[in-house]
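Structural overview for review
Chain residues, written in single-letter form:
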Amino acid sequence: MECNNTMHSARLDFPVKTLHGRVLLPEGSELTEETLKALVSAHPSSVLKTHPLMEHGSVEKDIFSLFDRPPYDIVFARSDGVSEIVNTMKTVRFAAPVLDALDYFKSQDAPTYHHMLTIFALTILIARDLVPNYRRRVSEIVCGPTHDFGKICVPLEILKKQQPLTREELDQLKHHTIAGFVLLTYYFGDSKSLAAIVARDHHERMNGSGYPNGIRQQDLMVEIVAVCDIYDALISPRPYRRKSYDNRTALEVLTVMAQKGEIGWRVVKALIAHNRASKPGCHEAVVSVEKRGTPPPDNCYGKLSDG
Ligand SMILES: [Fe+2]
Ligand SMILES: [Fe+2]
C-alpha cells in the first residue's frame, strides 16, 4: 500500500486556526514544502503528552451504543471482530488538541462527534479485511477520528445549515480538508503522517473528481476512510436533509460510485459483506446492481443557493 504524499502547492482561501482561534496560517498563505517545514519545526512539543481515546469523556460508552444501532448492529455483529476492534481502539492515544476537538463537536455539533467515532470503528473493521500486514500497521491505521479534524476551522453555522449553502460557504466547508492537513501536520510534527494525509485526501476520488486537489486517489487507507465516510454520511442524520438514506439505498449509492470509478470496489464489497447477516468474506460478497432504493426527499446536499 503506497501513501500518496504528493504535495500540491496551493494558496489558502481561508485561514487555518486552532480550536482556540490562534492563526497557524493566514488566508492567502502558499502551502509549500517550506511552509510545511516551518510548521513542523514550530510543532508544540508540550502537547505531545497523549491520553487514551477510549478513556476520554463518554467515548467508550458512545462507541458501544453505536454497535447497538441499525445498521451497525449487523455490520459489527461478529463477536471476534468486535472484541478485536475494541481492543485495538483501547490502544489508541491522542494528544489534547484532538481530544479537545472531539469535546468541541460533542457539545456543539453532536452528529459530527458521532460521525468521527463511527468512522474510527468502521475503518478499523474494514482495514482488518483489506490492509496487508494489518496488525503491524495498526497504529497508523487508527486515523478515523481525525479525518474531519479540519472542521474546527469551519463555522458551526455552515456545518449546521439546513438550507443550501452559498458558493462561498461550500468553499469554506471544503477547506476542512486542507485545514485538517495543516493542523495535524503541526500537532503531529509530520506532514507525511497517515492522519494528515487522510485529513487532506478523504474527499479525493479515484477518478480525480474529488477535492481539494482533484488527484487520482490511490492509497488504500484513504480509500477505506473515504468510502466509510460517504456511507456513514448517507445513513446518519444531516442538517441538509429531513431524512437519512435507508441502508439499502446508501449501499446502492456506493455501488453507483464504484461503477463510475469514483471509489474502489474492494471497500464497497467489504462494506456490503459486513451488511449481510450471513457474513460472507469481503471478496465473496455479491453486489446487486438492481436499483430498488428511494433516496430521501428534500435533500439540499450539493445544491447551492447562489449557484
Ligand atoms: Fe470530510
Ligand atoms: Fe467525514
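Note: the structure precedes this text.
Conventions adopted
Residues numbered from 1 in each chain as written. Chains lettered and ligands numbered in written order. Predicted model: local features only at pLDDT ≥ 70, side-chain atom pairs only at ≥ 80, totals over all residues. Heavy atoms only, no water. Donors = N, O, S within 2.8 Å, 3.2 Å for Na, K, Ca; no water. Tetrahedral: all angles 85-135°; square planar, octahedral: opposite > 155°, others 65-115°. Helix = DSSP H or I, 4+ residues; strand = E, 2+ residues; numbered from the N terminus. Buried < 20%, exposed > 50% of the residue type's maximum accessible area, 1.4 Å probe, protein only. Axes fitted to C-alpha atoms, helices over the stretch in contact; angles between N-to-C directions. Parallel < 35°, antiparallel > 145°, perpendicular 65-115°, else oblique. Contact = heavy atoms within 4.5 Å. Nonpolar A, V, L, I, M, F, W, Y, C, P; charged D, E, K, R; others polar.

This part takes up the coordination of the iron ion (ligand 1). When a metal carries six donors in an octahedron, the ideal angles between them are 90 or 180 degrees, while four donors in a tetrahedron ideally lie at 109.5 degrees. Within the protein, the iron ion (ligand 1) binds to Asp-148 (OD), His-176 (NE2), His-202 (NE2) and His-203 (NE2); these donor distances fall in the range 2.2 Å. Classification of the site at the iron ion (ligand 1) as irregular follows from its four donor atoms and the range of 87 to 176 degrees in their angles at the metal. We note that the donor set of the iron ion (ligand 1) lies within a single chain, spaced as D-x27-H-x25-H-H. Between the iron ion (ligand 1) and the iron ion (ligand 2), the interatomic distance is 3.7 Å, and Asp-148 donates to each metal, bridging them. With His-176 in helix α9 (residues 167–188) and His-202 in the loop between α10 (194–201) and α11 (220–235), the pair connects residues that are 26 residues apart, well separated along the chain. Residue His-176 is classed as buried on the basis of its relative accessible area, which comes to 1%.

Let us now look at unusual backbone geometry. Cis peptide bonds are those with omega within 30 degrees of zero, and the linkage from Pro-70 to Pro-71 qualifies with -5 degrees. You can see Pro-71 is positioned in the loop between α2 (59–67) and α3 (72–75). With an omega of 10 degrees, the peptide bond running from Tyr-211 to Pro-212 counts as cis. As for its position among the elements, Pro-212 is in the loop between α10 and α11. The residue Asn-133 is not glycine, and still its phi comes out positive at about 60 degrees. Position of Asn-133 among the secondary structure elements: in the loop between α6 (110–130) and α7 (138–141). You can call Asn-133 partly exposed: its relative accessible area is 45%.

Time to look at the packing of α9 against α10. Running from amino to carboxyl end, α9 crosses α10 at an angle of 170 degrees, the nearest separation of the two axes being 7 Å. With respect to their mutual orientation, α9 and α10 come out roughly antiparallel. Each of Thr-177, Ile-178, Gly-180, Phe-181, Leu-184, Thr-185 and Phe-188 in α9 lies in contact with α10, whose residues at this interface are Ala-195, Ala-196, Ile-197, Ala-199 and Arg-200. Class assignment of the residues belonging to the contact of α9 with α10 gives a composition of eight nonpolar, three polar and one charged.

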